[in-house]
Amino acid sequence: MPKTNAELAAAFEQTADLLELQQANPFRVRAYRNAARLVGELKLDLIAQVGQGKALPRLPGIGADLAGKIEEFARSGHLALLDRLRRQIPAGVAEMLRLPGLGPKRVRALYEELHVTSLTQLARAARDGRIRALPGFGARTEARILEAIGTHGHKAQRLKLVNAAQYAAGLVEYLRQGPKVSEVAAAGSLRRSRETVGDLDLLACAPEGAAVCEHLLAYPEVAEVRAAGNTRATVVLESGLQVDLRVVPEPSFGAALLYFTGSKAHNSRLRTLAIQRGMKLNEYGLFEGRKPVAAATEEEIYRRLGLPWIPPELREDRGEIEAALKNRLPVLIERADLVGDLHAHTDWSDGTASIEAMARAAKAHGLAYLAISDHSRRLTVAHGLDPTRLAKQCAEVERVDGKLDGIALLTGIEVDVLDDGALDLPDSALAPLDVVIAAVHSKFDLSRAAQTRRILAALDHPKVKILAHPVGRLIDRREPYDVDMLAVIRKCKARDVALELNAHPERLDLTDLACRMAKDEGARVVVNSDAHGGHEFDNLDFGIGQARRGWLEKADVINARPLREVRAWLAGKETP
Ligand code: DGT
Ligand code: CA
Ligand code: CA
């Protein structure tokens, strides 16, 4: 039986787990996890590439060693490394790694000291009180392990970034009013702009931690107090969101911020680097022997490690340390670089505001141009436009454009891609438009081959300049469709079509890794709001966060360019 990509992804994930248990080089562990994600989430058909005798494409984190593993798996259906690891480590031991709070070190201890090899045995050991007797464990850890086994299997709930950001904003504001608090910052995955957030990590700067922790407990939305002390508190809000607060004195704020921003993988690389340079890095500072050499700001800590400051969105151990060492970090795009938006809806289809109201809102959000791109007729639930209504809308867009100063309007459509890759409107209807965005809104379950063929066909239409939300996932609600993303990206590059990074908080599509792949392939990206109402231009902030996680720079993003250049690009003329 030929192996599937899902099996390859699973094999890589398991290899990473088992390597981690054996305390292998964290970089190597990370490489396997990254590869599992590339194959699983981006549906990269690497097995087929090998089968067709093609060289593997250049992919973030896939070096010669991993490429060899992919070939081995494609040809033999096995990874010798994984087979060997499996013989060395019982499967139940690897499963323990999935419990929150149990890292490789602790799992190793449980296995080696208590000979626990399954979750059942682990629960028994916890109930018998044998775990608390181990060095590095306590009664609290034991209780947490029992609780975790009980909830194991329920998918840990993660909040979408936009919601986490809302909770954080309220809390940060509130904590700023706390006793003698001089600064409050959100750290963790929120600061790294991850698309979902497990819990909030907040950092406050104050001389007396206990009083600030007390202040947090008095926050009206606190439903449960998990821990409270002199320097830290953990609470759960009524929404179920956990909040970890650390209070540190000003001199070590930078070190704490660096530590609690993570990611763990990034931190672990930094600690190794510190050791190589004869220093020690922890949440209190960077030390030479007992002498602190940097602690107050992140900048000085990075500098003393010989690195430029690394933006939080890059801190995932996906090559940022290597790039920083060579002083070749990307200069990441910022929200202020965006001067236009090429995808927005109005009350002509499923938006809530008029063309004029959307134009004014775009202008208020600092944009200089906006494309009006409502749905096409096939999307009847969204009152999609047929050729007659589209022509009428264009006239209205031009009328409003003539009336408003400081914002230019472009005519456009988000046209459905039909099952066979044809577009939902005739060429005669599309011809007069400034912007044509192709979008898949149906038949998500086609086979990879059929879905890829369909999308590539749509991209071949000469009027199409943007591919909307290319992977098609809805965070927490719908998996990406099965499509060969690399083929799609390459087609976009060949036809000079921009891949949309749809900034809607439920989409954030392209994903961070897909952005990076697009950049590596030299394809263009457009960061669009897909706003259905005036306030939704705020979503562009999250789109930019995702773009930054994908290493995108200003030059990679078409709507960071002035209208004149965008018009030339839309007209199929060369752009710099
Ligand atoms: P999340 O909450 O799952 O969305 O992801 P994070 O990255 O916010 O993770 P979290 O809340 O467990 O921890 C926040 C940061 O604190 C993390 O990014 C790095 C740091 N941190 C927490 N625990 C450890 C640890 O055991 N080792 C190291 N090196 N750093 C840790
Ligand atoms: Ca967190
Ligand atoms: Ca946390």
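Caption draft 1: Looking closely at the site of ligand 1. In the vicinity of ligand 1 there are 16 residues, among which Arg158, Ser189, Arg192, Gly198 and Asp199 approach most closely. The separation between an oxygen atom of ligand 1 and a polar main-chain atom of Gly198 is 2.8 Å. Between ligand 1 and the protein, one listed contact pairs a nitrogen atom with a side-chain N or O atom of Arg271 at 2.9 Å. When ligand 1 is considered free in solution it has 590 Å² of accessible area, and contact with the protein chains removes 74% of it. Counting residues per element, the ones that place at least two in the shell around ligand 1 are α11 (188-191), α13 (253-261) and α14 (264-276). The residue makeup of the shell around ligand 1, split by class, is three nonpolar, seven polar and six charged. Residue-level mapping places the shell around ligand 1 at the junction of two domains, with at least three residues from each of domain 2 (159-248) and domain 3 (253-325).

Caption draft 2: A look at unusual backbone geometry. Residue Ser263 is reached from Gly262 by a cis peptide bond, and omega for that bond is -10°. Looking at where Ser263 falls in the secondary structure, it is placed in the loop between α13 and α14. The residue after Asp509, namely Leu510, is reached through a cis peptide bond having omega 15°. Mapped onto the elements, Leu510 comes out in the loop between β16 (498-502) and α22 (512-520). Not every positive phi belongs to a glycine, and Leu508 is a case in point at roughly 40°. Its location among the elements puts Leu508 in the loop between β16 and α22. When its relative accessible area of 2% is taken as the criterion, Leu508 is described as buried. Backbone geometry places Asp530, a non-glycine residue, at a positive phi of 55°. Mapped onto the elements, Asp530 comes out in the loop between β17 (525-528) and α23 (540-549).

Caption draft 3: Representation of the coordination of the calcium ion (ligand 3). The protein atoms that coordinate the calcium ion (ligand 3) are Asp199 (OD), Asp199 (OD), Asp201 (OD) and Asp244 (OD), at distances of 2.3 to 2.7 Å. In this structure, the calcium ion (ligand 3) lies 3.7 Å away from the calcium ion (ligand 2), the two metals sharing Asp199 as a donor. We classify Asp201 as buried; its relative accessible area is 14%.

Caption draft 4: Summary view of the packing of helix α1 (residues 5-21) against helix α4 (residues 64-76). One can describe the packing of α1 onto α4 by two numbers: an axis separation of 11 Å at closest approach and a directional angle of 130°. On the basis of their axis angle, the class for α1 and α4 is oblique. Judged by the sense of rotation from one axis to the other, the crossing of α1 with α4 is right-handed. Between α1 and α4, the residues in contact are Glu7, Leu8, Ala11 and Phe12 and Leu66, Lys69, Ile70 and Phe73, respectively. Broken down by class, the residue content of the contact of α1 with α4 amounts to six nonpolar, no polar and two charged.

Caption draft 5: Looking closely at the packing of aromatic side chains. For the structure shown, the criterion picks out four aromatic pairs. When the ring of Phe444 is compared with that of Tyr481, the centres are 6.0 Å apart and the planes differ by 5°; the resulting orientation is stacked. Separated by 37 residues along the polypeptide, Phe444 in the loop between β14 (435-439) and α20 (448-459) and Tyr481 in the loop between β15 (464-467) and α21 (485-495) bring together distant segments of the chain. The exposure class assigned to Tyr481 is buried, which follows from its relative accessible area of 4%. The cationic tip of Arg106 hangs over the ring face of Phe137; the distance from NZ or CZ to the ring centre is 5.3 Å. Over the ring of Phe444 we find Arg478; its NZ or CZ atom is 3.9 Å from the centre of that ring.

Caption draft 6: Representation of the coordination of the calcium ion (ligand 2) in the model. Protein-derived ligands of the calcium ion (ligand 2) are Asp199 (O), Asp199 (OD) and Asp201 (OD), with the metal-ligand distances lying across 2.2 to 2.6 Å. If you look at the calcium ion (ligand 2), its six donor atoms make angles of 69 to 164° with each other, and the shape they trace is irregular.

Caption draft 7: The arrangement of the pattern of salt bridges in detail. Enumeration according to the criterion identifies 38 salt bridges in this entry. For Arg269, the salt bridge goes to Glu322, with nearest N and O atoms at 3.1 Å. Taken together, the residues span a long stretch of sequence, with Arg269 in helix α14 and Glu322 in helix α16 (residues 320-325) at a distance of 53 residues. Overall, Glu322 belongs to the partly exposed group, its relative accessible area being 24%. Each of Arg37, Arg192, Glu316, Arg318, Asp512 and Arg549 takes part in a single network of salt bridges with overlapping partners.

The rules behind the values
Residues numbered from 1 in each chain as written. Chains lettered and ligands numbered in written order. Predicted model: local features only at pLDDT ≥ 70, side-chain atom pairs only at ≥ 80, totals over all residues. Heavy atoms only, no water. Near = heavy atom within 4 Å. Polar contact = N/O pair within 3.5 Å; in protein donor to acceptor, adjacent residues only side chain to side chain. Areas by Shrake-Rupley, 256 points an atom, 1.4 Å probe, with all protein chains shown as cover. Helix = DSSP H or I, 4+ residues; strand = E, 2+ residues; numbered from the N terminus. Nonpolar A, V, L, I, M, F, W, Y, C, P; charged D, E, K, R; others polar. Domains from an automatic or database assignment. Buried < 20%, exposed > 50% of the residue type's maximum accessible area, 1.4 Å probe, protein only. Donors = N, O, S within 2.8 Å, 3.2 Å for Na, K, Ca; no water. Axes fitted to C-alpha atoms, helices over the stretch in contact; angles between N-to-C directions. Parallel < 35°, antiparallel > 145°, perpendicular 65-115°, else oblique. Left-handed = near helix turned anticlockwise from the far one by under 90°. Contact = heavy atoms within 4.5 Å. Phe/Tyr/Trp six-rings, centres within 6.5 Å; stacked < 30°, edge-to-face > 60°. Lys NZ or Arg CZ within 6 Å of the ring centre and 35° of its normal. Tetrahedral: all angles 85-135°; square planar, octahedral: opposite > 155°, others 65-115°. Salt bridge = Lys/Arg side-chain N within 4 Å of Asp/Glu carboxyl O.

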